[in-house]
Every structure is written in structure tokens, then in C-alpha cells.
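# Structural features, examined
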Amino acid sequence: MKNNFEPLKEGWLHPQLTARHMIDHASRKYFIFLISITTIANSIVNATETDIYPTIPVGLLLILIVVLSPLAGFISIGFSALMAWLFGKILSGTATFNEMFRAMSVVSIPLFGALPFALAWMIFEPQSFFATSDSYVEVTGISSIAGIAIMVFSIWSIVNTVAAIAEAHRFSIGKAFCTLLIQIILFIVVFVGLYFVII
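Throughout this document, residue positions are counted from 1 along each chain, in the order its sequence is written. Side-chain atom pairs in this predicted model are given and counted only at pLDDT of 80 or more, local residue features only at pLDDT of at least 70, and totals for whole chains, interfaces and linings cover all residues. Neither water nor hydrogens contribute to the side-chain values; these are computed over all heavy atoms in the structure.

## Some points on a nonpolar patch on the surface
Residues Ile 184, Phe 187, Ile 188, Phe 191, Val 192, Tyr 195 and Phe 196 make up a contiguous nonpolar surface patch of about 760 Å² in total accessible area. Secondary-structure assignment places Val 192 in helix α9 (residues 173-198). Accessible area is worked out with a 1.4 Å probe on protein chains only. A residue is then buried under 20% of its type maximum, exposed over 50%, and partly exposed in between. Judged by relative accessible area, Val 192 falls into the partly exposed class, the value being 36%. Here, patches come from residues exposed beyond 30% relative accessible area and free of salt bridges, joined within 9 Å for like charges and within 5 Å for nonpolar side chains (Val, Leu, Ile, Met, Phe, Trp, Tyr). Surface accessibility follows the Shrake-Rupley procedure with a 1.4 Å probe radius. Residue values consider only the protein chains on display as shielding. A pair is scored as a salt bridge if a Lys or Arg side-chain nitrogen falls within 4 Å of a carboxyl oxygen belonging to Asp or Glu. A run of H or I in DSSP becomes a helix once it reaches four residues, and a run of E becomes a strand once it reaches two; helices and strands are each numbered from the N terminus.

## Structural notes on the packing of helix α3 (residues 28-45) against helix α6 (residues 111-124)
A fitted line through C-alpha atoms represents every axis, and for helices the fit uses only the stretch in contact; the resulting angles, taken between N-to-C directions, go from 0 to 180 degrees. Relative to each other, α3 and α6 sit at 45°, their axes nearing to 9 Å. Classed by the angle they form, the pair α3 and α6 counts as oblique. Helix-helix and strand crossings are classified by hand; for α3 and α6 the assignment is left-handed. On α6, the residues touching Ile 37, Thr 38, Ala 41, Asn 42, Ile 44 and Val 45 of α3 are Leu 111, Phe 112, Ala 114, Leu 115, Ala 118, Leu 119 and Met 122. If an angle is under 35 degrees, it is roughly parallel; if it is over 145, roughly antiparallel; if it lies from 65 to 115, roughly perpendicular; otherwise it is oblique. Working rule for handedness: look at the near helix, and if it is turned counterclockwise from the far one by less than a right angle, call the crossing left-handed; if clockwise, right-handed. In what follows, a contact means two residues having at least one pair of non-hydrogen atoms within 4.5 Å.

## Focus on the nonpolar core
What makes a nonpolar core is a set of buried Ala, Val, Leu, Ile, Met, Phe, Trp, Tyr and Cys residues whose side-chain atoms join them at distances within 4.5 Å. In terms of nonpolar packing, the biggest core is built from 26 residues, with Met 100, Met 104 and Ile 165 touching the most fellow members. Among the elements that line this core, the one with the most residues is helix α8 (residues 141-169), at five residues. If we ignore the near neighbours within four places in the chain, the residues touching Met 104 are Ile 77, Ser 80, Ala 81, Thr 161, Ala 164 and Ile 165. Counting residues in each nonpolar core, the second largest holds 20 residues, with Ile 44, Val 45, Ile 150 and Phe 153 among its members.

## A few points about the environment of Thr 48
Here Thr 48 lies in the loop between α3 and α4 (58-90). Residue classification places Thr 48 among the partly exposed residues on the basis of a relative accessible area of 22%. As for Thr 48 and Ala 131, which are separated by 83 residues in sequence, their C-alpha atoms are 7.3 Å apart. Dropping the residues within four chain positions of it, Thr 48 is found in contact with Trp 121, Phe 129 and Ile 150.

## Notes on the side chain of Ser 157
Within the secondary structure, Ser 157 is located in helix α8. Only 2.8 Å separates the side chain of Ser 157 from the backbone oxygen of Val 107, close enough to count as a polar contact. Not counting chain neighbours up to four residues away, the residues in contact with Ser 157 comprise Val 107, Ser 108, Pro 110 and Leu 111. What qualifies as a polar contact is a pair of N or O atoms within 3.5 Å, subject to a donor-acceptor requirement within protein and to the restriction that residues adjacent in sequence count only when both atoms come from side chains.

## Examining the environment of Leu 68
Among the secondary structure elements, Leu 68 is positioned in helix α4. With 28 residues separating them in the primary sequence, Leu 68 and Ile 40 have C-alpha atoms 8.6 Å apart.

## Description of the packing of aromatic side chains
Within a pair of aromatic rings, the relevant descriptors are the distance that separates the centres and the angle that separates the planes. Aromatic contacts are taken between Phe, Tyr and Trp rings whose centres are within 6.5 Å, Trp giving its six-membered ring; a plane angle under 30 degrees counts as stacked, one over 60 as edge-to-face, and the others as tilted. Considering all chains together, one arrives at twelve aromatic pairs under this definition. Aromatic side chains Trp 12 and Trp 156 sit 5.3 Å apart centroid to centroid with 85° between the ring planes, which places their arrangement in the edge-to-face category. You can see Trp 12 sitting in the loop between α1 (7-10) and α2 (15-24) and its partner Trp 156 sitting in helix α8, a full 144 residues away along the chain. A relative accessible area of 23% places Trp 12 in the partly exposed class.

## A short note on unusual backbone geometry
Phi at Ser 92 takes a positive value of approximately 70°, unusual for a residue other than glycine. Mapped onto the fold, Ser 92 is located in the loop between α4 and α5 (97-103). Overall, the relative accessible area of 55% leaves Ser 92 in the exposed class.

## Here's the deal with the pattern of salt bridges
Any two side chains of opposite charge can pair, on the condition that their charged atoms come close. For the structure on display, the rule yields two salt bridges. In this structure, Arg 20 and Asp 24 form a salt bridge, with 3.4 Å as the shortest nitrogen-oxygen distance. Residue Arg 20 and its partner Asp 24 are located together in helix α2, separated by four residues, close to a single helical turn. Take Arg 20: its relative accessible area is 11%, and that puts it in the buried class. Given the relative accessible area of 43%, Asp 24 is considered partly exposed. Residues Arg 20 and Glu 167 are paired through a salt bridge, measuring 2.8 Å at the closest nitrogen-oxygen approach. In this pair, Arg 20 is assigned in helix α2 and Glu 167 in helix α8, connecting sequence segments 147 residues apart. Linked through salt bridges whose partners overlap, the residues forming this network are Arg 20, Asp 24 and Glu 167.

Interpretation in functional terms is not warranted from these geometric data alone.
Written out as C-alpha cells, the structure reads:
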């Protein structure tokens, strides 16, 4: 499995097996490569509703994403891994931080499926792609199809997150889901708290 295993292929349908491969067999170079390219895809897909166009042209934005998102991705995945590692320990998880960090590299693999849809939407209809939720834009075929694709593959990414946490901590999918749910609830509480403090 070590020599023939392809994480970018297997990560779609076998996220736990892929996470275990990243923990036990993947080289540091491949780990860095996987995080770099998946965070580029993740950044493009999640650039929707950011209201940065036309301040930053699409071409320049794509260049900035390719250059800057790998570093941002390492920080983001590192923080997510830290949270999953800590809260998983509460539920008797056994992973080390390094194991969790490596396992979390498989999380964004499904977003490659959304990438062509997001790129087409961004390039051909940037006004609607970057429009915020309080802006009125006409719904078109491209935005509808791309929006559905992004939603589907984003959910798939969440499934991979749960699988990666379960494999790294060597506990059940149920415990992995609870670990992720605790993180989400904590984030919401902190966000709401900061909102009321600022307001």
C-alpha cells in the first residue's frame, strides 16, 4: 500500500484509509504538497461572498491565492488539528498532535470536485460569485449549478473531517462527530460573544 497508494484518488471514498496512510507512510514532502494544493482549491472555493471584486481583479486574486494560501492553509489546518486533538482527548482519543495534523491533510480533497465549478463561476460571473448575502444579484444557470456543487463537495469535506479525526484518534465515527461538533459550538459561542462585545 505504501508504494502504490494515491491519497488524491483514495481520499474521495476511503478517507480513513487515506488518513492512516498520511500518518504512517507519507513523506514530509508529500504532506506539504498535499496541504498546499488542497488549500489552494479550498481558498478558491471559499472565496464566494467576499465582496473583494472589483477592488481586486480575478486574475490577481488567483495569483494571490496560489502564492499565499498554502501558508494560510498550514496555519488553518494546524489550528483545526490542535482543536481536534485536544477535544478528542476528552473522548479518550489516542492521537498525537503530529498524527492529527497529518490526518487533517485529507479533509479538503473533495473540494477538488468543486474547483472547476467555482472557477467557471468566478471567471464568467464574478459579480454574483463575490456578491455578499445582502446584495441582490440575478440567479443564473452557472451560479445555481456551481452553488449546488460547492455545497455538495463541502459536505463531502465535512465527512472527510470526521473520518480523519476518527482514524487519528482511533475511536468511533460517533466520537469523531462529537469532537467536531464541540469545535463548531465553541466557535459559534466565541463568535457570538465577540459580536456582542464589539456591538
